[in-house]
Amino acid sequence: MSSNLTSLIENPDIWDDKEISEYILMSTKLEGMPSNLTTADDFTGKKVIDREGIQYGKVKHIHINQDTLRVSGVTIHQGFNKDYFLSETYIDKFTDNMLLLSTPPVTVGSPVVDIDGQKLGKIKRLHRNTETNELESIEVSNGLFNTKILAKSEIWGVGEKVILTLKKEQFKNLE
């Protein structure tokens, strides 16, 4: 698994003429390196997909725990200024072509429906624990200025839509 990257380097001299040289950077497997190891750089730009085949963006960064040297999560790039972090609990495995998720993430902008599938709104904001980054609650926008905050325990399922355990009437009566 090697890849080449061609770069240009400027060779300074004492005159106004500067020689431009081309050199090649190579990422290769080192002698003695186990076959199941790879560099984190190899996964940058790979698709992120859940078990239903829904794509959530592309891998931007892989985060390593400095104490354990294990993957602690990934930054997913979803488009113009739409990056978000997924902890290792979402990761099933890395393949040659993509990152497979064990569970789909709850993301801002996802449609929210009640237990019967009736549309309630969209996720406006995610509230996470500052120490663990675990999702604690979601803020659902169901109108121009109307939002409701729901605990993580109110989420029944996540896929193309976030399904709540509530019915539409129960959702409307929330403060």
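**Overview of the packing of aromatic side chains**
Thinking step 1. Scanning all chains against the criterion turns up one aromatic pair.
Thinking step 2. Plain terms: the ring middles of F43 and F94 are 4.6 Å apart, the flat faces sit at 45° to each other, and that makes the pair tilted. You can see F43 sitting in the loop between β2 (19–27) and β3 (47–49) and its partner F94 sitting in strand β7 (residues 91–94), a full 51 residues away along the chain.
Thinking step 3. Taking relative accessible area as the criterion, F43 reaches 12% and is therefore assigned buried.
Thinking step 4. Residue classification places F94 among the partly exposed positions, given a relative accessible area of 27%.
Thinking step 5. Lying over the aromatic face of F171, K148 brings its terminal NZ or CZ to 5.8 Å of the ring centre.

**A short note on a nonpolar patch on the surface**
Thinking step 1. A cluster of nonpolar side chains, contributed by I64, L69 and V71, occupies part of the molecular surface with about 270 Å² of accessible area.
Thinking step 2. On the secondary structure map, I64 appears in strand β4 (residues 55–64).
Thinking step 3. You can call I64 partly exposed: its relative accessible area is 42%.

**Description of the side chain of T107**
Thinking step 1. One can find T107 in the loop between β8 (98–101) and β9 (111–113).
Thinking step 2. Polar contacts involving the side chain of T107 include one to the side chain of S110, which spans 2.9 Å.

**Here's the deal with the sheet that holds β9**
Thinking step 1. Pairing is mixed in the open sheet, where six strands are placed in the order β12-β11-β10-β9-β14-β13. One side of each edge strand has no neighbouring strand; the edge strands of this open sheet are β12 (147–151) and β13 (155–158). Recorded for the sheet is a direction-independent mean angle of 35° between the axes of neighbouring strands.
Thinking step 2. Where strand β10 (residues 119–128) meets strand β11 (residues 135–141), six bridges bridge the pair, whose relative direction is antiparallel. The residue bridging L126 from the neighbouring strand is I138, located in β11.

**Description of the nonpolar core**
Thinking step 1. Counting residues in hydrophobic clusters, the biggest one holds 14 residues, and the most contacted among them are V48, Y56, V74, I76, L86, L99 and L101.
Thinking step 2. Put simply, the parts of the chain that give this core at least two residues each are β4, β5 (71–77), β6 (83–87) and β8.
Thinking step 3. In terms of residues, this core owes the most to one element, β4, which gives three residues.
Thinking step 4. Setting aside anything within four residues of it in sequence, one finds L99 in contact with K47, V48, I49, V59, V74, I91, K93 and F94.
Thinking step 5. Listed in part, the 13 residues of the second largest apolar core include L120, I123, I155 and V162.

**What about a positive patch on the surface?**
Thinking step 1. Residues K82, K119, K122 and K161 make up a contiguous surface patch of positive charge.
Thinking step 2. Within the element layout of this structure, K161 appears in the loop between β13 and β14 (162–164).
Thinking step 3. Its relative accessible area of 43% is what places K161 among the partly exposed residues.

**Concerning the side chain of S87**
Thinking step 1. Tracing the sequence through the fold places S87 in strand β6.
Thinking step 2. Within polar-contact distance, the side chain of S87 engages the side chain of T89 at 2.7 Å.
Thinking step 3. Aside from chain neighbours lying at most four places away, what touches S87 is S72, G73 and E134.

**Let's talk about the pairing of β10**
Thinking step 1. The pairing of β9 with β10 spans three bridges and is classified as antiparallel. The residue of β10 that forms the bridge with P111 is K122.
Thinking step 2. Linking two consecutive strands that pair antiparallel, namely β9 and β10, is a turn of five residues; a positive phi of about 90° is found at G117 within it.
Thinking step 3. Between β10 and the antiparallel strand that follows it, β11, lie six residues; N133 among them carries a positive phi value of about 65°.

Rules used throughout
Residues numbered from 1 in each chain as written. Predicted model: local features only at pLDDT ≥ 70, side-chain atom pairs only at ≥ 80, totals over all residues. Heavy atoms only, no water. Phe/Tyr/Trp six-rings, centres within 6.5 Å; stacked < 30°, edge-to-face > 60°. Helix = DSSP H or I, 4+ residues; strand = E, 2+ residues; numbered from the N terminus. Buried < 20%, exposed > 50% of the residue type's maximum accessible area, 1.4 Å probe, protein only. Lys NZ or Arg CZ within 6 Å of the ring centre and 35° of its normal. Patch = residues over 30% accessible without salt bridge, like charges linked within 9 Å, V, L, I, M, F, W, Y side chains within 5 Å. Areas by Shrake-Rupley, 256 points an atom, 1.4 Å probe, with all protein chains shown as cover. Salt bridge = Lys/Arg side-chain N within 4 Å of Asp/Glu carboxyl O. Polar contact = N/O pair within 3.5 Å; in protein donor to acceptor, adjacent residues only side chain to side chain. Pairing = 2+ DSSP bridges. Axes fitted to C-alpha atoms, helices over the stretch in contact; angles between N-to-C directions. Core = buried A, V, L, I, M, F, W, Y, C linked by side-chain atoms within 4.5 Å. Contact = heavy atoms within 4.5 Å. Lys, Arg positive; Asp, Glu negative; His and termini not counted. Charge placed at Lys NZ, Arg CZ, Asp CG, Glu CD.

Taken by themselves, the reported measurements are silent on function.
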